[in-house]
Amino acid sequence: MSSETNAQHQPGYEPHPEDEAHGSFRGYMTGFGLSVVLTAIPFWLVMSGALGNNQLTGFVVMGFAVVQIVVHMIYFLHMNGRVEGGWTLLALVFTVIVVVITLAGSLWVMYHLNTNMMPVHDMRQMP
Amino acid sequence: MASTMTVPQGGEAPVFYLKDEHPHPEGHSTPLGFWLYLMSDCLIFAILFAIYGVLGANYAAGPAPKDLFDLNLVAINTAMLLFSSITFGFAMLEMAKGKVAATQGWLAVTGLFGLAFLAIELYEFHHLISLGATPQRSAFLSSFFVLVGTHGLHVAFGLVWLTVLMVQVARHGLIAANRRRLLCLSMFWHFLDVIWIGVFTFVYLMGMLR
């Protein structure tokens, strides 16, 4: 190892690559505030039944969850294209693709799981 | 290598390769490696969510989510985890400033919120089991207990890790190795909060709508 590269990497010398990763007080508070709002609204929607339509409420609640996950990724996990030269973002994108295939595929394939089952018994009428 | 090379006739062409000599400081790749672990953990949860999505409506004439879940309790639990996330963020900010006492303080607060979350979850499980809604009751309850229980186990191990790191920081201070470990634990902790968003939405809120 040449001497000049050694000088740049003395023990204890840190180029602080993770300075970005610590975030800032403002960033954390922004993320926290957004998370509180994005949590409170879906809970309120379900508990009050304000939309009056269960299917619509379900879709809206899922939408809020997706937005809140993105908020957490940006403000708490400090995800962006620059950290680790973009490798963490690439791994995340790959994982999201696999997760979507797993979830959508399972639900789609198993959608008719109960179609050929016997009719449901009403257990309350049994002795 | 602009200069021309003369290859002796019949001889093999010379092969050049660069020796990997640039320095790698210790632990420089740990955050990326830990992130890859978190992504594989994410796949475990994806499979558990898929199982719950497929089996979550099979009540076997047993209790349904509406009969069991208390959204007030879930809201309190969600708040506990969200508070612990923000306090861990404060601990990381103090760590960046090099303040040992403040870092330890925020870590302790994070641990208390995590403990509160676990206590409420265990109370809920105990309540369900006392009602006869055990994991053996129906496919819905089996998949529910596995999914929520796996998340709870992650939080429990996160608390053990947090305690160990607090001892480490108390003994050795905020050295580079401890900063790295705290960075990994903070990613783990925020990741668990992300998973919880999926749990309270998909299991509790959507369950109440069925």
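Whatever comes next refers back to the structure up there.
Residues numbered from 1 in each chain as written. Chains lettered and ligands numbered in written order. Predicted model: local features only at pLDDT ≥ 70, side-chain atom pairs only at ≥ 80, totals over all residues. Heavy atoms only, no water.

Enquirer: Before we go on, may I ask you to explain the overall build of chain A in this structure?
Expert: Counting its regular elements, chain A contains five helices and zero strands. In sequence order, the secondary structure elements of chain A are arranged as α-α-α-α-α. When contacts within chain A are restricted to residue pairs at least 6 apart in sequence, long-range pairs at least 24 apart make up 57% of them. For chain A, the accessible area works out to roughly 9,000 Å², and carbon and sulfur atoms hold 68% of it. (Helix = DSSP H or I, 4+ residues; strand = E, 2+ residues; numbered from the N terminus. Contact = heavy atoms within 4.5 Å. Areas by Shrake-Rupley, 256 points an atom, 1.4 Å probe, with all protein chains shown as cover.)

Enquirer: What should I look at first to understand the overall build of chain B in this one?
Expert: In terms of helices and strands, chain B carries six helices and zero strands. Taking 210 residues into account, the globule formula puts the C-alpha radius of gyration at 17 Å, and chain B, at 25 Å, lies well above it. Dimensions of chain B, computed from C-alpha atoms along their principal axes, come out at roughly 85 × 50 × 25 Å. Considering chain B as a whole, with its 210 residues, one finds that 50% of them fall into the buried category. Sequence separation of 24 or more characterises 81% of the internal contacts of chain B that already satisfy a separation of 6 or more. Distance between charge centroids for chain B: 7 Å, based on 10 positive and 11 negative side chains. (Rg over C-alpha atoms; globule rule 2.2 N^0.38 Å. Buried < 20%, exposed > 50% of the residue type's maximum accessible area, 1.4 Å probe, protein only. Lys, Arg positive; Asp, Glu negative; His and termini not counted. Charge placed at Lys NZ, Arg CZ, Asp CG, Glu CD.)

Enquirer: Hey, could you run me through helix H5 (residues 139-172) of chain B in this one?
Expert: Think of an α-helix as turning once every 3.6 residues; residues three or four places apart then point the same way. Taking 1.5 Å as the rise per residue, H5(B) with 34 residues should run 50 Å; its terminal C-alpha atoms sit 49 Å apart, in good agreement. Backbone geometry just after H5(B) places B:Gly173 at a positive phi near 80 degrees. (Expected span 1.5 Å × (residues − 1).)

Enquirer: Please clarify how the pattern of salt bridges should be interpreted in this entry.
Expert: When charged atoms on two side chains of opposite charge get close, those side chains can pair. Residue and element names in this part refer to chain B. Going through the model one piece at a time under the given rule, you end up with two salt bridges over all chains. For Glu94, the salt bridge identified is with Lys97, shortest N-O distance 3.7 Å. On the criterion of helical spacing, the pair formed by Glu94 and Lys97 is a turn pair, its members being three residues apart in helix H3 (residues 71-97). For Glu94, a relative accessible area of 14% translates into the label buried. (Salt bridge = Lys/Arg side-chain N within 4 Å of Asp/Glu carboxyl O.)

Enquirer: Looking at this structure, I do not really get the packing of aromatic side chains. What am I missing?
Expert: In this description, an aromatic ring pair is defined by two values, namely the gap between the centres and the angle between the planes. Residues and elements named next belong to chain B. What the rule picks out here adds up to 25 aromatic pairs over all chains. Considering the side-chain rings of Phe34 and Phe188, the 6.5 Å spacing of their centres and the 65 degrees angle between planes classify their relative orientation as edge-to-face. Of this pair, Phe34 sits in helix H1 (residues 30-55) while Phe188 is found in helix H6 (residues 176-209), placing the two residues 154 residues apart along the sequence. Relative accessible area serves as the criterion here: at 14%, Phe34 is assigned to the buried category. Since its relative accessible area comes to 5%, Phe188 is described here as buried. An angle of 85 degrees between the planes, with centres 6.0 Å apart, marks the rings of Phe144 and Tyr204 as edge-to-face. On the criterion of sequence distance, the pair formed by Phe144 in helix H5 and Tyr204 in helix H6 is long-range, its members being 60 residues apart. There is no split in this pair, since Phe144 and Tyr204 are both buried. (Phe/Tyr/Trp six-rings, centres within 6.5 Å; stacked < 30°, edge-to-face > 60°.)

Enquirer: Help me understand the interface of chain B and chain A in this model?
Expert: The figure often quoted for interface size is the accessible area lost as the parts come together. At the interface, 49 residues of chain B touch 50 residues of chain A. For the pair chain B and chain A, the summed buried area comes to about 4,300 Å², and 83% of that belongs to carbon and sulfur atoms. Of all residues in chain B, B:Trp35, B:Leu82 and B:Leu209 bury the most surface against chain A, accounting for 15% of the area lost on that side. For the interface between chain B and chain A, the tally reads zero salt bridges. Seen at the junction of chain B and chain A, the total is two residue pairs in polar contact (both at pLDDT 80 or more). Looking at the side of chain B that touches chain A, the elements with two or more residues in it are H1, H3 and H6 of chain B. Residues belonging to the side of chain B that touches chain A are distributed by class as follows: 38 nonpolar, nine polar and two charged. (Buried area = accessible area lost by both parts, 1.4 Å probe. Polar contact = N/O pair within 3.5 Å; in protein donor to acceptor, adjacent residues only side chain to side chain. Nonpolar A, V, L, I, M, F, W, Y, C, P; charged D, E, K, R; others polar.)

Enquirer: Which parts of the structure should I look at to understand the nonpolar core?
Expert: Generally speaking, a soluble globular protein has its nonpolar side chains buried in company with each other. The biggest cluster of nonpolar side chains holds 76 residues, and the ones touching the most others in it are B:Trp35, B:Phe144, B:Trp196 and B:Tyr204. Mapped by element, the contributors of at least two residues to this core are helix H3 (25-48), helix H4 (54-75) and helix H5 (87-109) of chain A together with H1, H3, helix H4 (100-130), H5 and H6 of chain B. Sort the elements by how many residues they give to this core and H6(B) lands first, with 20 residues. Excluding anything up to four places from it in sequence, B:Trp196 contacts B:Val74, B:Asn77, B:Thr78, B:Leu81, B:Phe117, B:Glu121, B:Val148, B:His151 and B:Tyr204. (Core = buried A, V, L, I, M, F, W, Y, C linked by side-chain atoms within 4.5 Å.)

Function cannot be inferred from these measures alone, as they are strictly geometric.
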